[in-house]
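Next come the chains, spelled out residue by residue.
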Amino acid sequence: MDTEKASEVRLPQKRYYRQRAHSNPISDHSFNYPAHPNELIDGTAENHESWNELYPNIGDRKCEFADLGCGYGGFLISLGETFPDKISIGMEIRVKVSNYVQDRIEALRALNPGKYNNVACVRTNSMKYLTNYFHKGQLSKMFFLYPDPHFKKSKHKWRIINPSLLSEYAYVLRKGGLLYTVTDVNDLHQWMTQHLSNHLSFERLTLEEEKADILYDKLLNRSEEAQKVERNHGEKFLAIFKRV
Amino acid sequence: MEFYKNYLVFTSDYKKKFHFLSIENVKDNWTFDIDWSFVLNPKKPKMFLESNNEEIENKADLEAEKESEEIINNFTLSENKELLAFTSSDKSLFLCKIDNDKTVTILSRRVFMRASSILRFSCCGKYLFLADKTGDTFVYSCDDEGDEYLSSGKWIFGHISQILDLQIAPDFSCIVTSDRDEKIRVTNYPDTHEIEAFCLGHKEFVSSLTFLKKDNIMMSASGDKTLRTWDYRKGKELQKIEFPFVPITIYSSSIREGFGLIAMSSDDNKIYIYEYKFESSEYINLSCIGENLYPNEFDFNIHDNKVFVKYLKNEHLQIDIFDMDNKLFQPFCNVSETFKDDVEGKIFKPFDVSLLFKKKYDNVKPFINRKRARIESQIRK
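All of these numbers come straight from a predicted model, not from anything done at the bench.

Help me out: how do you make sense of the overall build of chain B in this one?
Along its length, chain B carries three helices and 28 strands. Over its C-alpha trace chain B gives a radius of gyration of 23 Å, about what one expects of a compact globule, namely 21 Å for 381 residues. Structurally, chain B occupies a C-alpha span of about 90 × 55 × 40 Å along its principal axes. The buried share of chain B, reckoned over its 381 residues, is 56%.

Here you go:
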């Protein structure tokens, strides 16, 4: 972005950041991540921004919303607009895609002074390093939007909603916090809701409660994936679970 | 290396049999020969939501496997010393009962799915916990009521990384696991869906855990060349001890009021013995034995104030007694010489610990360089 500052500020173009939709979450790719969530507060994380560097005027606030696998960041940005006082983070494993979101947020901040300071994106493998970022009970909302379905049975362990990881999500979510899932793959929807319902730390909201959620429409329409599904006239499946 | 009454229990170079060796008299020893033809319960452990256990499909292959190649991977004795459990390279878990007349009876042989890394008994020997190399942890019942000890395993929790150690807290309230990422996870027991805490701070794999016999303090050894102590219930780091080498396996034991003994193998192929003062968290190097030891093949245990260490040096398995008064290692038994197993097979070679370090693979820099070049060329136009 440094070199782009010379020219006028423009939103990044997606065509320079395209990358295949799959990534192996088990592999040893290098990531820079804090060794402990405290390092993001005191700025001691090696090769990683602190909360202060990610959010220009975060003050005493803590990051409370996390969009895991945020993709091109459409929903993340809309989330920041809906909750201007809350700090939201997008986590994305793909190098180019996470860089696109970072450039997009930087351009939005430059074009709209004083706005978009409550959203940021980091490149990380949230399946491995989520608990390096957040303290126990720090989050109040977690989003899993259009996750990689990993259709093969042998790859089910790679799914971002799985029983091992649900315990970690329950660990970072505060009691009463919400976990949202949206997908256009019915099989995956069944898998996610089944595992979440079976986990003793989660309880699904009623249909009425789900529809009453302020994010209900945005979840179905505001992410890039949602718009793609819309164009293809596909079905979308949503579920909201409460941390009990 | 464990104790059954006054006998040391261990496997020799070939890892085919168990040897029971009296600590008073080296001549008093007996062997448990494993019946590798013992019938296997082929039902796979229950994963996640599965309500029925699938049977392994290639059961025929499994039985056809050459018996002579099977070796003992991990073993453990229950607290009351009545039960012996071990995993073998053909992915079966044996549960055995040790009888008073120096015989061992196999009770059950159950299947597990991936290479095992750790095996531990819960309190009273009621359950067995088995962690595998893909990060999953299973529980196997050992209850002899209602034939539970024959039933297949059940998945309880997992890491997205290889589990390197699993220890059960002295008060049995939680299970602590460490992995090849830098994590130590403290899982509630029996509510294994609940994570009590993560002990974070290590910068490399965490290879070994031990509880200092004092309220809620655990010690961990890591590839980042540190030992750390933790208030593990809170996930709070208490102390960091740095070394010029990588500690691999650690054991601890209380020796007298207020003092603990810490034994540690390291990647400079030595074994170090430290005294640890609980009150002040001070530690004193008591002794060191070394050159050409395999840090992975190191065992330590205390019985009746006698400190035993077992190690592999120049392809010889050796058991020494560490003399606390003179701070010296005194040879007790040359296992390789004394127990030349009457078996065919290869001498077991421990794996290379340096493989636990991750290869650095940077896929960000090339992209950033290409991007910079693209932007510069656009500006020029």
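Explain the packing of aromatic side chains here, please?
Geometrically, a pair of aromatic rings is defined through the distance of the ring centres and the angle of the planes. Residues and elements named next belong to chain B. Under the criterion given, the structure shown has 36 aromatic pairs over all chains. Here the aromatic rings of Y7 and W30 are separated by 6.3 Å at their centres, their planes lie at 80°, and the arrangement is edge-to-face. Of this pair, Y7 sits in strand β2 (residues 7-11) while W30 sits in strand β4 (residues 29-32), placing them 23 residues apart in sequence. Comparing Y7 with W30, the two get one shared label, buried. Plain terms: the ring middles of F18 and F32 are 5.9 Å apart, the flat faces sit at 10° to each other, and that makes the pair stacked. On the criterion of sequence distance, the pair formed by F18 in strand β3 (residues 18-22) and F32 in strand β4 is long-range, its members being 14 residues apart. Across this residue pair, the class does not change: F18 and F32 are buried. An aromatic cluster of three or more residues is present, and its members are F18, F32, W36, F75, F86 and F94.

Can you walk me through the pattern of salt bridges in this structure?
This structure, assessed with the given rule, holds 18 salt bridges over all chains. The salt bridge involving K203 of chain B is made with E39 of chain A; its shortest N-O contact spans 3.8 Å. Note that K203 of chain B is positioned in the loop between β16 (195-198) and β17 (206-212) and E39 of chain A in helix α1 (residues 38-42), a pairing that runs across two chains. Residue K203 of chain B is classed as partly exposed on the basis of its relative accessible area, which comes to 39%.

Would you take a moment to explain the sheet that holds strand β24 (residues 282-290) of chain B for this structure?
Sheet strands associate in pairs through backbone hydrogen bonding, adopting either a parallel or an antiparallel arrangement. Residue and element names in this part refer to chain B. As summarised here, the arrangement of the four strands in space is β21-β22-β23-β24, forming an open sheet in which the pairing is antiparallel. In this open sheet, the two strands that pair with only one neighbour each are β21 (247-256) and β24. Adjacent strand axes in the sheet meet at a mean angle of 20° when their direction is disregarded. Where β21 meets strand β22 (residues 259-266), eight bridges bridge the pair, whose relative direction is antiparallel.

So what exactly am I meant to see when it comes to the confidence of the model for chain A here?
The predicted coordinates should not be examined in detail at positions where pLDDT is low. For chain A, the mean per-residue pLDDT works out to 89, and 95% of the residues sit at or above 70. Per-residue pLDDT stays below 50 along residues 1-6 of chain A; that stretch engages in nine contacts with residues further than four places along the chain or on separate chains.

Before we go on, may I ask you to explain the interface of chain A and chain B in this structure?
Interfaces are often sized by the accessible area lost when the parts come together. Every contact between the two is made by 42 residues of chain A and, on the other side, 44 residues of chain B. Roughly 3,600 Å² of surface becomes buried between chain A and chain B when both sides are summed, with 54% attributable to carbon and sulfur atoms. Scanning the region where chain A abuts chain B turns up four salt bridges. Across the pair D181 of chain B and K128 of chain A runs a salt bridge, and its minimum N-O distance is 3.1 Å. Taken together, the connections running from chain A to chain B amount to 11 residue pairs in polar contact (both at pLDDT 80 or more). Elements with a contribution of two residues or more to the side of chain A that touches chain B: α4 (95-111), α5 (126-133), α6 (163-172) and α7 (186-198) of chain A. A per-element tally of the side of chain A that touches chain B places α6 of chain A first, with six residues.

What am I meant to see in the pairing of β4 of chain B here?
A regular strand places its side chains on the two faces of the sheet in alternate fashion. Residues and elements named next belong to chain B. A one-sided burial pattern is seen for β4, the buried positions being W30 and F32 and the unburied ones N29 and T31. The pairing of β3 with β4 spans four bridges and is antiparallel. Looking across to β4, one finds that L21 is bridged to N29.

Explain the packing of α5 of chain A against α6 of chain A here, please?
A packed helix pair is summarised by two numbers, namely the angle formed by the two axes and the spacing between the axes. Residues and elements named next belong to chain A. As a packed pair, α5 and α6 sit with axes 10 Å apart at the nearest point and diverge in direction by 20°. Our classification of the angle between α5 and α6 gives roughly parallel. The interaxial crossing formed by α5 with α6 has left-handed handedness. Between α5 and α6, the residues in contact are M127, L130 and T131 and L165, E168, Y169, Y171 and V172, respectively.

Sorry, what's going on with the UniProt feature "binding site: S-adenosyl-L-methionine" (unreviewed entry) in chain A here?
Residues and elements named next belong to chain A. With numbering matched to this structure, UniProt assigns "binding site: S-adenosyl-L-methionine" (unreviewed entry) to G69, E92, I93, N125, S126, L145, S223, E224 and E225. Here E92 shows up in strand β2 (residues 87-92). A relative accessible area of 3% places E92 in the buried class. Not counting chain neighbours up to four residues away, the residues in contact with E92 comprise G69, C70, G71, V97, S98, C121, V122, R123 and T124. Within the structure, E92 has its side chain in polar contact with the backbone nitrogen of G71 (distance 2.8 Å). Considering the arrangement of structural elements, one finds S126 in helix α5. Ignoring any residue separated from it by four or fewer positions in sequence, one finds S126 in contact with L68, M91 and I160.

Quick question: what am I supposed to make of the UniProt feature "active site" (unreviewed entry) in chain A here?
All names here are of chain A. Following the UniProt record, the feature "active site" (unreviewed entry) maps to D148 here. When you line up the elements, D148 lands in the loop between β4 (139-145) and α6. Here the side chain of D148 touches H150 through a polar contact of 3.2 Å, landing on its backbone nitrogen.

Looking at this model, I keep getting lost on the pairing of strand β14 (residues 174-179) of chain B. Mind explaining?
Residues and elements named next belong to chain B. Where burial is concerned, most of β14 is hidden: six out of the six residues are buried. Burial along β14 is two-sided: C174, V176 and S178 and I175, T177 and D179, pointing in opposite directions, are all buried. Looking at chain direction, strand β13 (residues 163-168) and β14 are connected through five bridges and run antiparallel. Residue pairing in the sheet places I163 in a bridge with D179 of β14. Turn length for the β13-β14 hairpin, with the two strands adjacent in sequence and antiparallel, is five residues, and the turn residue F172 shows positive phi of about 60°. Examined bridge by bridge, β14 and strand β15 (residues 184-188) share five bridges and lie antiparallel to one another. Its bridge partner lying in β15, C174 is registered against N188. Following β14, the chain reverses through four residues before pairing antiparallel with β15.

I'm lost on the environment of F211 of chain B in this one. Help?
Residue and element names in this part refer to chain B. The topology assignment puts F211 in strand β17. Using a relative accessible area of 6% as the deciding quantity, one classes F211 as buried. Between the C-alpha atoms of F211 and T229, which are 18 residues apart in sequence, the distance is 9.2 Å. Residues contacting F211, with those up to four places away along its chain left out, are Q167, I168, A169, P170, V176, I217, M218, Y232 and S252.

About the cut-offs
Residues numbered from 1 in each chain as written. Chains lettered and ligands numbered in written order. Predicted model: local features only at pLDDT ≥ 70, side-chain atom pairs only at ≥ 80, totals over all residues. Heavy atoms only, no water. Helix = DSSP H or I, 4+ residues; strand = E, 2+ residues; numbered from the N terminus. Rg over C-alpha atoms; globule rule 2.2 N^0.38 Å. Buried < 20%, exposed > 50% of the residue type's maximum accessible area, 1.4 Å probe, protein only. Phe/Tyr/Trp six-rings, centres within 6.5 Å; stacked < 30°, edge-to-face > 60°. Salt bridge = Lys/Arg side-chain N within 4 Å of Asp/Glu carboxyl O. Pairing = 2+ DSSP bridges. Axes fitted to C-alpha atoms, helices over the stretch in contact; angles between N-to-C directions. pLDDT = per-residue confidence, 0-100. Contact = heavy atoms within 4.5 Å. Buried area = accessible area lost by both parts, 1.4 Å probe. Polar contact = N/O pair within 3.5 Å; in protein donor to acceptor, adjacent residues only side chain to side chain. Parallel < 35°, antiparallel > 145°, perpendicular 65-115°, else oblique. Left-handed = near helix turned anticlockwise from the far one by under 90°. UniProt positions renumbered as here; feature names shortened; annotations may be inferred.

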